[in-house]
Amino acid sequence: AFSLREVLAAFQTCVTERREVLLGPYLCGWRGLIRFLHSLGAIFSFVTKDAVAKVQIMESYCRGERREEYASLQSMVEYELASGLVDVQKRSGRPDSGCRTVLRLHRALRWLQLFLEGLRTGREDSRTSVICTDSYNASLATYHPWVVRKAATVAFCTLPPRNTFLEIMNVGTPEEAVAMLGEALPYICDVYGITQELFAQHALLDLP
């Protein structure tokens, strides 16, 4: 079962003293977030299916023969760019690069970060469908075709109340879940910020 604790632990160990993002804990954090989305049923399947596929691609890179190049986000970007493995203009027939794959996870992480922050700061009677839709429109919606956007916002209307969400986090009372979100979100924000800066620096934010 999902527990917010494991996501907190993973993202806590993600960033080194040199501000590098370690891919092992990053993917571990993502596996926890996917479990969270799965626990809500099929509502988020349009995100989870893609996230599962992307995590699997990255895990195969991290276990592959060039695994030392995939120890951190920074070493991966440096290696893939130097080796000409990133399709910058249009996609070729070769396998998806780590840069493209992480970019997709990075965009989804922004949505989850905004959504979890909305749950944390919301009132008991706040409508989760509104929190989720606002977070989605401010992040992932930009990259989805109209049909997906429409289906997503309809699905969000069926989301359970805020306290149900907080209970799903498996850390005790809603108050305790809110406190742990307050602890976890700065780490997630930090990882997001470092990734955003790194990808912007190398013009990787719009990879096809």
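Since the model is a prediction, treat every value here as computed from it, not as a measurement. (Residues numbered from 1 in each chain as written. Predicted model: local features only at pLDDT ≥ 70, side-chain atom pairs only at ≥ 80, totals over all residues. Heavy atoms only, no water.)

Some thoughts on the overall build of the protein
Part 1 of the argument: Looking only at helices and strands, the protein features 9 helices and 0 strands.
Part 2 of the argument: Relative to the 2.2 N^0.38 estimate, which gives 17 Å for 208 residues, the radius of gyration of the protein is 17 Å and therefore close to what a compact globule would have.
Part 3 of the argument: Viewed in the frame of its principal axes, the protein has a C-alpha envelope of about 50 × 40 × 30 Å.
Part 4 of the argument: The buried share of the protein, taken over its 208 residues, is 48%.
Part 5 of the argument: The contacts of the protein with a sequence gap of at least 6 include a subset with a gap of at least 24, amounting to 71%.
Part 6 of the argument: Total accessible area on the protein stands at roughly 10,100 Å², and carbon and sulfur atoms take up 53% of it.
Part 7 of the argument: Looking at the protein, you have 23 positive and 23 negative side-chain charges, and the mean spots of the two groups are 7 Å apart. (Helix = DSSP H or I, 4+ residues; strand = E, 2+ residues; numbered from the N terminus. Rg over C-alpha atoms; globule rule 2.2 N^0.38 Å. Buried < 20%, exposed > 50% of the residue type's maximum accessible area, 1.4 Å probe, protein only. Contact = heavy atoms within 4.5 Å. Areas by Shrake-Rupley, 256 points an atom, 1.4 Å probe, with all protein chains shown as cover. Lys, Arg positive; Asp, Glu negative; His and termini not counted. Charge placed at Lys NZ, Arg CZ, Asp CG, Glu CD.)

Focus: the packing of helix α4 (residues 73–82) against helix α5 (residues 98–121)
Part 1 of the argument: Contact geometry of α4 with α5 gives a least axis separation of 9 Å together with a crossing angle of 140°. With respect to α5, the element α4 is oriented oblique. Along the contact surface, α4 presents L73, M76, V77 and E80, while α5 presents G98, C99 and V102.
Part 2 of the argument: Residues that form the contact of α4 with α5 fall into these classes: 5 nonpolar, 1 polar and 1 charged. (Axes fitted to C-alpha atoms, helices over the stretch in contact; angles between N-to-C directions. Parallel < 35°, antiparallel > 145°, perpendicular 65-115°, else oblique. Nonpolar A, V, L, I, M, F, W, Y, C, P; charged D, E, K, R; others polar.)

A word on the packing of aromatic side chains
One pair of aromatic rings is described through two measures. These are the centre distance and the angle between the planes.
Part 1 of the argument: The tally for this structure, following the rule as stated, stands at 12 aromatic pairs.
Part 2 of the argument: The interplanar angle of 45° and the centroid separation of 6.1 Å between the aromatic rings of F46 and F156 together place this pair among those described as tilted. Of this pair, F46 sits in helix α3 (residues 45–63) while F156 sits in helix α7 (residues 146–156), and the two are 110 residues apart along the sequence.
Part 3 of the argument: Judged by relative accessible area, F156 falls into the buried class, the value being 0%.
Part 4 of the argument: A ring pair is formed by Y136 and F156, whose centres lie 5.5 Å apart and whose planes are at 80°; its orientation type is edge-to-face. Of this pair, Y136 sits in helix α6 (residues 128–137) while F156 sits in helix α7, and the two are 20 residues apart along the sequence. Of the two residues examined, Y136 and F156, each falls in the buried class.
Part 5 of the argument: Put simply, the rings of F36, F44, F46, W111, F115, Y136, F156 and F165 touch in pairs and so form one group of aromatic residues. (Phe/Tyr/Trp six-rings, centres within 6.5 Å; stacked < 30°, edge-to-face > 60°.)

Quick word on the pattern of salt bridges
Part 1 of the argument: The tally for this structure, following the rule as stated, stands at 9 salt bridges.
Part 2 of the argument: Linking D50 and K54 is a salt bridge whose minimum nitrogen-to-oxygen distance equals 3.0 Å. Separated by 4 residues within a single helix, D50 and K54 lie in helix α3, roughly one turn from each other.
Part 3 of the argument: For D50, a relative accessible area of 35% translates into the label partly exposed.
Part 4 of the argument: A salt bridge links D96 to R100; the shortest N-O distance between them is 3.2 Å. As far as the burial class goes, D96 and R100 line up, both buried. (Salt bridge = Lys/Arg side-chain N within 4 Å of Asp/Glu carboxyl O.)

Examining α4
Part 1 of the argument: Burial in α4 covers these residues: L73, Q74, M76, V77, Y79 and E80.
Part 2 of the argument: The secondary structure elements touched by the buried residues of α4 are α2 (23–38), α3, α5 and α9 (174–201).
Part 3 of the argument: G84 occupies a position one or two residues after α4 and carries a positive phi of about 65°.

A short note on the environment of E117
Part 1 of the argument: Mapped onto the elements, E117 comes out in helix α5.
Part 2 of the argument: For E117, a relative accessible area of 28% corresponds to the partly exposed category.
Part 3 of the argument: As for E117 and L181, which are separated by 64 residues in sequence, their C-alpha atoms are 7.6 Å apart.

Overview of α3
Part 1 of the argument: Relative to the 27 Å expected for 19 residues at 1.5 Å per residue, α3 spans 26 Å between its end C-alpha atoms, a close match to the ideal helical length.
Part 2 of the argument: Where α3 is buried, its residues meet α2, α4 and α5. (Expected span 1.5 Å × (residues − 1).)

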